[in-house]
Amino acid sequence: MFTNHLKIAFRNILKYKGTSFISMLGLSIGMAVFLLILQYVRFEKSYENFLKDTDQIYRVTLEMYLNGELQMSSAENYPGAGPALAKELPEIIDYARLYNLGYKNNVIITNKEAQPQPIAFKQRRFLYADSSFLSLMGYNMVMGDPSTALASPDKAVISEEYAKLYFGNEDPIGKTLHLQDDDFNDELVEVTGVFENLPPNTHLKFNILFSYKTLFSRFDRAIARYDQSWGRKDMYTFIKVRPGTDPKELEKKFPAIVDKYNPDLKENNREDRLLLQSLTDIHLQSDLAEEAEANGDGRIVFFMQLIGLFVLIIAWINYINLSTARALERAREVGIRKVSGALKHQLISQFMIEAAVTNLVSLLITWVIIIAVLPWFNDLAGLSFSVSHFVQPWFLGAMALLWIIGSFLSGFYPAMVLSSFKPVSILKGSFKNTSGGVLLRKGLVVAQFVASVLLIVGTITIYQQLNYMLGSDIGVNIDQVLVVERPGIAPRDRNAFNSAIDVFRAEVEKHPDVKAVSSTVTIPGKQREYKVPAKRLGASDNETQILRFNSMDYDYMDVFEMKVLAGRAFSEEHGSDRDTAVILSESSARLLGFENPEDAIGQPLALVQFNWNPIVVGVVNDYHQVSLKKSVDPMIFYCTPYGGEYYSMRIETKNLTETVAHIEESWNKAFPGNPYEYFFLDDYFNQQYQNEQRFGNLSLVFAMLAILLGCIGLFGLSGYTTLQRTKEIGIRKVLGASTEGIVYLLSKDLLALVLLSIVLATPLAWWVMHEWLQNFAHHVNVSWGIFVLAGFFTVLVAFLTVSFQSVKAAMTNPAEIMRTE
């Protein structure tokens, strides 16, 4: 019996080639979209799952309050927090701290013993780690003991990739690397271990770990600074708790420990709250200051899940609609089978097998589609999936499950409808589709286009918000600004280094297309949260404000084209600026109680953290240090002509190649031996919107596919509607009906369903996108124009789809119609 049903299934697929092709095309596209998104979502949710005991590992984060108001939430913590928590709380098995020096971007690590010449690279992905870090996290070691590899000063463990990079095929254990930066001019570190290359699904991406105790030799009193200090927060702190520990209950014990180890906070109306963040939640749920790298976005992953589900459901609806709509064509077949003795369950089995075969063939086509579009999908989503990802057991299992569920959901209702036909009515020729079946098909069409309109409105809103962020005035001009990072190999003597900087400036400015050069600790787009408490001199502690602390040299205003609202910029003509002067941003001046920018000029401030009372010499406009996702931070600037990590140059781009070459020549003259790397600041700043750009691109593609699927179903339905009304069309044509009238007659019902879909989707789409936009400090509004555009586009595409069948029927010779009918 099964073999017979299978033969009939293939026979019907071949007999109804057009319908079968439409059904399979829709199912294949829908399942391909769903499975690609499933792979993407699984990857995004898999961060850190290659580690053991992730349910016991937490990151200790920090919230800082001043006068009861939250000032900053940071992924970093105090060096003393980890040791104190482990000492005071028996629930904590172990702790580990990481110091991220990679933000400085000026560290060069060299194998000087390599032959035929030393191997040197500028490094960013490295950390200083407590000796317990490797064991706590459970990284797999290829060589070395994880419990002792980082126990002593001047030790390092490296990845397999870097072992090959620096030492080739030699055994790296016991070999020496040279660390060069502005603190360690030439520090020797011994390689004591090699760990497996880290997979991409981790928020901590490093290739080298230095022992934490190496920090203790950086300067006098370094042990107090890096080991037990509660003064400066710049450590990632991880703890491992005993099985069964409730993190919320554990957090309740933290305030007493903070009060014990940092008692001065309350005296200054400050409060620090330590919080626990699950290791596996960091990538999608965390957007704190000082993250190790830009994380993903859980909201985007959730929306992608919905998009994948919508597209799949649309494809299934297509199949249901087309299967039930062609009931008239299958009615005589069912009637004859029933008269011949076929039972209802046998007919149901036949139609279910037919659905299963259609879904199976579609699934095979789906796999081919996935492999074909994989490179394009990787580019669009910023991923690096290979074919091997799509033959893993879990993925093949998901495909099998999708086949089973799809076969049942798309086949059960058509099977029930077709098997329920009464043979007497069928054979008499009096059978018609039931009103209930027609109503269901209309409801499914409406559901399809509701989902499509949601995707279109969402995509337009995403692009509007993205264009708004990319096109907004951020308060500084970052166009045509070329940036070079500070050299890693520099003279140990500070005066000699300052002289090298002066040489670089002078050489660069000889080129007529270089308009100005500025040296700064940070640049717009750099996620660096260094904030300080400040108040007017003599004001009470209740008037203290937290301000972002930033540097500015004499040419900063010219490079970034900021506006001086009152007073002046820093100037070499005022030699005391480096010691006694600060500049405020406009919002900082307001926070400190100055009604007008002019009122702040000449006023002394108190920066208690530095025991410094500088004078305000200028007020400048606010600008966005980071993206428009966040509010503008009030800032205070100090003057430092030589302490910068970045050299920013405003250039003319008409002779770009020549200008870049001149800057490189100037660099090599001032800083010999340092690699020359540059980037443009606007590209760097806009990397902060990478998640939104990818989301927008994916949404656009999938919204178009959703419309395509909806139109495929609409095309098939309009064809069957036309077929059912063939005799009516012929009679109307004989009686003088115009072509336009026939087109209107055949199109109006389906287009009415599309209009109903738009009406139903509009309030839901508005609510969803309004809620999404609240995640941005600066955002567009959801305007009615978006819905007009989405509605017009949907109706236009639907009309073109339906009218193709309608015009074809209306243009048919009525004599041909009446003869066949």
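Residues take numbers from 1 onward in each chain, read along the sequence in its written order. With pLDDT at 70 or above as the cut-off, local features in this predicted model cover only qualifying residues; side-chain atom pairs require 80 or more to be listed or tallied, and sums for whole chains, interfaces and linings still use all residues. Excluded from the side-chain calculations are hydrogens and water; all other atoms, namely the structure's heavy atoms, are used.

Undergrad: Mind showing me how you'd approach the overall build of the protein chain here?
TA: When you go through the protein chain residue by residue, the secondary structure sums to 28 helices and 24 strands. Under the scheme applied here, a residue whose accessible area is under 20% of the maximum for its type counts as buried, over 50% as exposed, and between as partly exposed, the area being computed with a 1.4 Å probe on protein chains only. Counting the 821 residues in the protein chain, one finds 54% classified as buried. Of the contacts formed within the protein chain by residues at least 6 apart in sequence, a portion of 80% connects residues at least 24 apart. Roughly 35500 Å² of accessible area belongs to the protein chain as shown, and the carbon and sulfur atoms make up 56% of that amount. Put simply, DSSP marks the helices as runs of H or I at least four residues long and the strands as runs of E at least two long, and each gets a number from the N terminus on. Pairs of residues are marked as contacts when any of their non-hydrogen atoms sit within 4.5 Å. Accessible areas in this description were obtained via Shrake-Rupley with a 1.4 Å probe; residue shielding takes into account the shown protein chains only.

Undergrad: Please clarify how helix 17 (residues 494–508) should be interpreted in this entry.
TA: Since the α-helix packs 3.6 residues into each turn, any two residues three or four apart lie on the same face. The span expected for a helix works out to 1.5 Å for each residue beyond the first. If you check helix 17, its first and last C-alpha atoms are 21 Å apart, about what 15 residues at 1.5 Å a residue would give, namely 21 Å. Of the residues making up helix 17, those classed as buried are Phe497, Asn498, Ala500, Ile501, Phe504, Arg505, Glu507 and Val508. Structurally, helix 17 contributes buried residues whose contacts are with strand 15 (514–520), strand 23 (646–651) and helix 22 (656–670).

Undergrad: When you look at the packing of helix 3 (residues 81–88) against helix 8 (residues 254–261) in this model, what are you seeing that I'm missing?
TA: Pairs of packed helices are described in terms of their axes, by the angle between the two and the distance that separates them. As a rule, the C-alpha atoms of each element are fitted with a line to give its axis, helices using only the stretch in contact, and angles between N-to-C directions run from 0 to 180 degrees. The interhelical angle for the contact between helix 3 and helix 8, taken along N-to-C directions, is 120 degrees, at an axis separation of 11 Å. On the basis of the axis angle, helix 3 is oblique to helix 8. Here the hand of the crossing between helix 3 and helix 8 comes out right-handed. For the pair helix 3 and helix 8, the contacting residues are Ala84, Leu85, Lys87 and Glu88 in the first and Phe254, Ile257, Lys260 and Tyr261 in the second. Each residue is assigned to one class: nonpolar for Ala, Val, Leu, Ile, Met, Phe, Trp, Tyr, Cys and Pro, charged for Asp, Glu, Lys and Arg, and polar for all the others, Gly among them. Classifying every residue of the contact of helix 3 with helix 8 gives 5 nonpolar, no polar and 3 charged. With respect to orientation, any angle under 35 degrees is reported as roughly parallel, any angle over 145 as roughly antiparallel, any angle of 65 to 115 as roughly perpendicular, and every other angle as oblique. Here a crossing is taken to be left-handed if its near helix is turned anticlockwise relative to the far helix by less than a right angle, and right-handed if that turn runs clockwise.

Undergrad: Just to check I follow, could you spell out the pattern of salt bridges for this structure?
TA: Pairing is possible between side chains of opposite charge, provided their charged atoms come close. Salt bridges are defined by distance alone: a side-chain nitrogen of Lys or Arg within 4 Å of a carboxyl oxygen of Asp or Glu. Counted according to the given criterion, the structure contains 26 salt bridges. Where aspartate 234 meets arginine 232, a salt bridge forms, and the shortest distance between an N and an O atom there is 3.5 Å. A relative accessible area of 9% means that aspartate 234 is categorised as buried. With a relative accessible area of 38%, arginine 232 lands in the partly exposed category. Across the pair glutamate 249 and lysine 252 runs a salt bridge whose closest N-O atoms are separated by 3.0 Å. The partly exposed category is assigned to glutamate 249, whose relative accessible area is 41%. A residue is classified by how much of its surface remains accessible, and lysine 252, at 59% relative accessible area, is exposed.

Undergrad: Would you take a moment to explain the sheet that holds strand 19 (residues 581–585) for this structure?
TA: Neighbouring strands of a sheet are bound in pairs by backbone hydrogen bonds; such pairs are parallel or else antiparallel. For two strands to be treated as a pair, DSSP must find at least two bridges joining them. Reading across the sheet, the 7 strands line up as 18-21-19-22-17-16-20 and stay open at both edges, with mixed pairing between neighbours. Single-partner strands in this sheet number two, and they are strand 18 (564–567) and strand 20 (605–606). Pairing analysis gives 3 bridges linking strand 19 to strand 22 (residues 635–639), with the strands arranged antiparallel. Counted as the bridge partner of leucine 584 is isoleucine 636 from strand 22.

Undergrad: For this particular structure, what's the right way to read the sheet that holds strand 23?
TA: The strand order across the open sheet formed by 4 strands is 15-23-14-24, and the pairing between neighbours is antiparallel. Each edge of the open sheet carries a strand with a single partner, namely strand 15 and strand 24 (678–680). For this sheet, the mean inter-axis angle between neighbouring strands, taken without regard to orientation, is 25 degrees. Both strand 15 and strand 23 contribute to a ladder of 6 bridges, which runs antiparallel. Residue pairing for strand 23: serine 519 is matched across the bridge by tyrosine 647.

Undergrad: Help me understand helix 22, please; the structure alone is not making it clear to me.
TA: Counted at 1.5 Å a residue, the expected span for helix 22 with its 15 residues is 21 Å, and the 21 Å between its end C-alpha atoms agrees. Residues Thr659, Val660, His662, Ile663, Ser666, Trp667 and Ala670 constitute the buried set of helix 22. End-on, the buried residues of helix 22 take up no more than an arc of 160 degrees, which puts them together on one face. Exposed positions of helix 22 whose direction lies more than 90 degrees from the buried face are Thr657, Glu665 and Lys669. The directions from the helix axis to the C-beta atoms are what the arc is built from.

Undergrad: Could you clarify how one ought to interpret the packing of aromatic side chains in this entry?
TA: What characterises a pair of aromatic rings is the spacing of the ring centres plus the angle enclosed by the ring planes. A pair of Phe, Tyr and Trp rings is counted when the ring centres sit within 6.5 Å of each other, with Trp represented by its six-membered ring. The angle between the planes then sorts it: under 30 degrees is stacked, over 60 is edge-to-face, the rest tilted. Applying the stated rule across the entire model yields 40 aromatic pairs. Here phenylalanine 390 and phenylalanine 395 contribute two aromatic rings whose centre-to-centre distance is 5.0 Å and whose plane-to-plane angle is 90 degrees, an arrangement assigned as edge-to-face. Taken individually, phenylalanine 390 and phenylalanine 395 each receive the classification buried, so the pair is uniform in this respect. Clustering of aromatic rings is evident, with ring pairs tying together Phe497, Phe504, Tyr647, Trp667, Phe671, Tyr676, Tyr678 and Phe680.

Undergrad: Honestly, the side chain of glutamate 44 in this entry has me stumped. Any pointers?
TA: Along the polypeptide, glutamate 44 turns up in helix 2 (residues 17–44). For the buried glutamate 44, no salt bridge is present, and the opposite-charge side chain at shortest range is arginine 694, 6.9 Å distant. The residues contacting glutamate 44, other than those within four sequence positions of it, are His283, Leu284, Gly296 and Val301. Under the counting rule used here, the positive set is Lys and Arg, the negative set is Asp and Glu, and His together with the chain ends is not counted.

Undergrad: Explanation requested: the nonpolar core in the structure shown.
TA: Most often, soluble globular proteins keep nonpolar side chains buried together rather than apart. Within the largest apolar cluster, 113 residues are counted, with the highest numbers of intra-cluster contacts made by Met304, Phe377 and Phe570. Counting residues per element, this core draws most heavily on helix 16 (residues 435–471), at 14 residues. Once residues lying within four places of it in the same chain are set aside, the contact partners of methionine 304 are Ile37, Tyr40, Phe695, Leu698 and Phe702. Side-chain atoms within 4.5 Å link the members of a nonpolar core, which is a set of buried Ala, Val, Leu, Ile, Met, Phe, Trp, Tyr and Cys residues. Among the nonpolar cores identified, the runner-up in size contains 25 residues, and Leu127, Met137, Phe195 and Phe206 belong to it.

Undergrad: How should the packing of helix 17 against helix 22 be read in this particular structure?
TA: Look at helix 17 against helix 22: their axes get within 9 Å of each other, and the N-to-C directions meet at 155 degrees. Judged on the interaxial angle alone, helix 22 and helix 17 are roughly antiparallel. In terms of crossing hand, the pair formed by helix 17 and helix 22 is right-handed. Where helix 17 approaches helix 22, its residues Ala500, Val503, Phe504, Glu507 and Val508 are matched on the opposing element by His662, Ile663, Ser666, Trp667, Lys669 and Ala670. Partitioning the contact of helix 17 with helix 22 into residue classes produces 7 nonpolar, 2 polar and 2 charged.

Undergrad: How do you make sense of unusual backbone geometry when you look at a structure like this?
TA: Peptide bonds are trans in most cases, and residues, glycine excluded, mostly fall at negative phi. Positive phi, close to 55 degrees, is recorded for asparagine 67, a residue that is not glycine. The residue asparagine 67 is located in the loop between strand 1 (57–66) and strand 2 (69–74) in this model. Judged by relative accessible area, asparagine 67 falls into the partly exposed class, the value being 31%. Positive phi outside glycine occurs at glutamate 561, with the angle close to 55 degrees. Relative to the helices and strands, glutamate 561 is located in the loop between helix 18 (556–560) and strand 18.

Undergrad: Help me out: how do you make sense of the pairing of strand 23 in this one?
TA: Each regular strand carries side chains that alternate between the two faces of the sheet. Among the 6 residues that make up strand 23, 6 are buried, leaving the element largely enclosed by the rest of the structure. Residues Tyr646, Ser648 and Arg650 line one face of strand 23 and the alternating positions Tyr647, Met649 and Ile651 line the opposite face, and both faces are buried. With 5 bridges joining them, strand 14 (residues 481–485) and strand 23 adopt antiparallel strand pairing. Bridge assignment links leucine 482 to a residue of strand 23, and that residue is methionine 649.

Undergrad: Could you clarify how one ought to interpret the environment of leucine 800 in this entry?
TA: As for its position among the elements, leucine 800 is in helix 27 (residues 784–810). A relative accessible area of 52% means that leucine 800 is categorised as exposed. Sequence-wise, leucine 800 and phenylalanine 715 are 85 residues apart; in three dimensions their C-alpha atoms are separated by 9.5 Å.

Undergrad: What's the story with the side chain of glutamine 625 in this structure? I'm lost.
TA: Along the chain, the position of glutamine 625 falls in the loop between strand 21 (615–620) and strand 22. Throughout this description, a polar contact denotes any pair of N or O atoms lying within 3.5 Å of each other; where both atoms belong to protein, one of them has to be capable of donating a hydrogen while the other can accept it, and for residues adjacent in sequence the pair is counted only when both atoms sit in side chains. Among the polar contacts made by the side chain of glutamine 625, one reaches the side chain of tyrosine 623 at a distance of 3.0 Å. If we skip the residues at most four places from it in the chain, glutamine 625 touches Thr522, Ile523, Pro524, Gly525, Lys526, Arg548, Asn550, Met635 and Phe685.

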